[in-house]
Every structure is written in C-alpha cells, then in structure tokens.
Amino acid sequence: MMGPSHALSGAAVWLTGSWALDQFADYHQSPLALAVGTAVCAGGALFPDLDLSGKVTRNQGGATVARTFGVFSLFIAEVMEKISLGVYYATKLSRDPRRNNGHRTLTHTLPFTVLVGWGTTALCAAYGKWAVVSILFFMIGLALRGLFDEWAERAGWVIVTLASAAAAWFTFANLPGDRGYPMIGLAVGVGCFVHILGDMITKAGVPILWPIPIKRRMWLMVGLPNGIALRTGSKAEVIVLRTALTVLSVLAAVGLVAPSVLHRFNIEV
C-alpha cells in the first residue's frame, strides 16, 4: 500500500481500539493522550517502509516516508535497508531468491514489530524525557508525512521537521507520564503490525512467518491471491479503502469525544 493508506490505517485502528477500550473496558484517555496515541500509531504504520532507500546525497527516491526529514531520514533508510538485506542473506535458505535490496524483509516481520514496540517502551523507561521527546518527534513527523502527504510535499522537510519538534515538545510538557509513556511503545508496535497486515493484502505480500522455515524457504512471502489482492495506487486503495478508513476514524473519534462534550454542557442522551 501507499504511505497515506498505511498512516490512515494506523490512525483508524488506534481510534477504533481506543473506542472499544472506552466502551467495554472502562479505559478512558484524555483528548491529548488520544491524539498522541493516534499520531504515534499512524507514524508506526509507516515505520517499516524505512527499509526502502533512495539517493541520499540528492534527497531523491526511496519511500515517501524516507524523505520525511530530508537527507537525514534517507540516510536512516539506507542503513535500515542494508541491515535488512544483510539479515536476509544471513538467514536465507536454498529456495529463497536472490535480492538486490532489503525492502519488505526484516522490517516487515513479527519479531521486528515486537522488538520495536518493546524497545520504544524500554527507551522511554530508561532515559525519560529526552527519549520520549525524540520518539514523539520522529513518529509525529512520519504521521504528518503520511496523513498530510500533499501538504508535507509542498511545505518541504524543514517545515515538517519544525512542526514535529514543536508538537513533540508540547505533548511531553502536557501529557501525564503514568498514562502517556507506556502507551507510546504499544502505539508504535500496533502501527508496525497494521503496516504488515496492509501489505499482506497486496500482491507482493510480506514474510510474516519468518523465521519459520517452510519448504526450504525462510522468507516466504504471504499475501492474498493475485485475483483479489489490492494493487498499490489503484482506485480500490485510493478511493474505496481510504474512504472506509476515514469514515471509521471519524466515527470512532466522535464516539470517544461526544460523551465528554455532552456532559460538559449538561446534555443527556
């Protein structure tokens, strides 16, 4: 799927999950905590595609999300792509094909998703304020690049970077630690998992079963049959899927916010 679809799916899943927790588990979040979780999950839903590098010195190519912070994020993508390719060749079996890049390998696996979610939580717990601000800055930047793709393209990476920094610092200054910090790692992990599910409905698929060897293949790509698989950039993705995700997000957000608004104005339904 394309970047905006991934980001929107992350936001929709987080909002829907938050609504379900609010309704059935009596777990309430402040509007700021809800907004932060949604943004971080949307950013996390783009994070796996940082394994698609481009031309670092020219600030060209690569995944859209890899250009979020200009040459800096492109360099991160370059490193991640090379690590992914190295892991691929270190673990491939006889029937795994040769590859010239690491896209849709390591970062599109369940172990990577768990590691990123756990690592995010561990960093926040170990290093406190600066780890939290840094992670929020990075994930909010990815979310802005995905959810507001056309604006981000016009504004350029410098504006996106400044907006991300301001949002991260404001969030840290106003978000209670006991409710906000543990949820950051969960939001990142959920976002990565949603990304994997999104790519599974495309023709290329993802190696979701790695590192389980199957028929002398370690990197078996799992996805929908070509006849029903989603084609990247098609009308089914851009119009149908994004519309459905947008409607789901809006309904969940309204369901979360409406009760508190009605209560504030002493309105009973």
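Quick caveat: nothing in here was measured; it's all calculated off a predicted structure.

(A) Spatial organisation of the pattern of salt bridges. With the rule as written, the count across this model stands at seven salt bridges. One salt bridge connects Arg145 with Glu153, and the closest N-O pair in it is separated by 2.7 Å. Taking the shortest distance from any N to any O, the salt bridge between Glu237 and Arg242 comes out at 4.0 Å. Taken individually, Glu237 and Arg242 each receive the classification buried, so the pair is uniform in this respect. Sharing partners across several salt bridges, the network here consists of Glu78, Glu81 and Lys82.

(B) How the structure looks around the side chain of Arg104. Here Arg104 lies in the loop between helix H3 (71-91) and helix H4 (110-127). In this structure the side chain of Arg104 is engaged in a polar contact, spanning 3.1 Å, whose partner is the backbone oxygen of Gly205. When residues no more than four places from it in sequence are discounted, the contact partners of Arg104 are Met1, Asp51, Asp199, Thr202, Ala204, Gly205, Pro207 and Met221.

(C) Broad picture of the UniProt feature "transmembrane region" (unreviewed entry) in the protein chain. Per the UniProt record, "transmembrane region" (unreviewed entry) is found at residues 30-48, 69-90, 110-143, 155-172, 184-210 and 239-262. The straight-line gap between the two end C-alpha atoms of residues 69-90 is 30 Å; of that span, 91% is helix and 0% is strand. In the segment residues 110-143, helix accounts for 97% and strand for 0%; the C-alpha atoms at its two ends are 21 Å apart.

(D) Up close: the nonpolar core. In this structure, Val40, Phe47, Leu50, Leu136, Phe138, Met139 and Leu142 are the most contacted members of the largest nonpolar core, which totals 45 residues. Mapped by element, the contributors of at least two residues to this core are helix H1 (3-24), helix H2 (31-44), H3, H4, helix H5 (129-147), helix H7 (157-174) and helix H8 (177-200). Of the residues forming this core, the biggest block, 10 residues, is contributed by H5. When neighbours within four sequence positions are excluded, Leu136 is seen to be in contact with Val36, Val40, Gly141, Ala168, Thr171, Phe172 and Ile184.

(E) Inspection of empty space enclosed by the protein at higher detail. One pass over the full model with this rule turns up two cavities of 30 Å³ or more. Forming the walls of the second largest cavity are Gly3, Pro4, Leu46, Thr64, Val65, Leu142, Arg145, Gly146 and Asp149. Elements supplying a minimum of two residues to the lining of the second largest cavity: H1 and H5. Per-element accounting of the lining of the second largest cavity gives the leading share, three residues, to H5. Residues belonging to the lining of the second largest cavity are distributed by class as follows: four nonpolar, three polar and two charged.

(F) View of the packing of H4 against H5. One can describe the packing of H4 onto H5 by two numbers: an axis separation of 6 Å at closest approach and a directional angle of 145°. Of the residues in H5, those in contact with Thr120, Leu123, Cys124 and Tyr127 of H4 are Lys129, Trp130, Ala131, Val132 and Ile135. For the contact of H4 with H5, the class distribution of residues is seven nonpolar, one polar and one charged.

Criteria and thresholds
- Residues numbered from 1 in each chain as written.
- Predicted model: local features only at pLDDT ≥ 70, side-chain atom pairs only at ≥ 80, totals over all residues.
- Heavy atoms only, no water.
- Salt bridge = Lys/Arg side-chain N within 4 Å of Asp/Glu carboxyl O.
- Buried < 20%, exposed > 50% of the residue type's maximum accessible area, 1.4 Å probe, protein only.
- Helix = DSSP H or I, 4+ residues; strand = E, 2+ residues; numbered from the N terminus.
- Polar contact = N/O pair within 3.5 Å; in protein donor to acceptor, adjacent residues only side chain to side chain.
- Contact = heavy atoms within 4.5 Å.
- UniProt positions renumbered as here; feature names shortened; annotations may be inferred.
- Core = buried A, V, L, I, M, F, W, Y, C linked by side-chain atoms within 4.5 Å.
- 1 Å grid on protein atoms, 1.4 Å probe; cavity = no way out; pocket = protein on both sides within 12 Å on 5 of 7 lines; lining within 4 Å.
- Points joined across faces, edges and corners; volume = space filled by probe spheres on them.
- Nonpolar A, V, L, I, M, F, W, Y, C, P; charged D, E, K, R; others polar.
- Axes fitted to C-alpha atoms, helices over the stretch in contact; angles between N-to-C directions.

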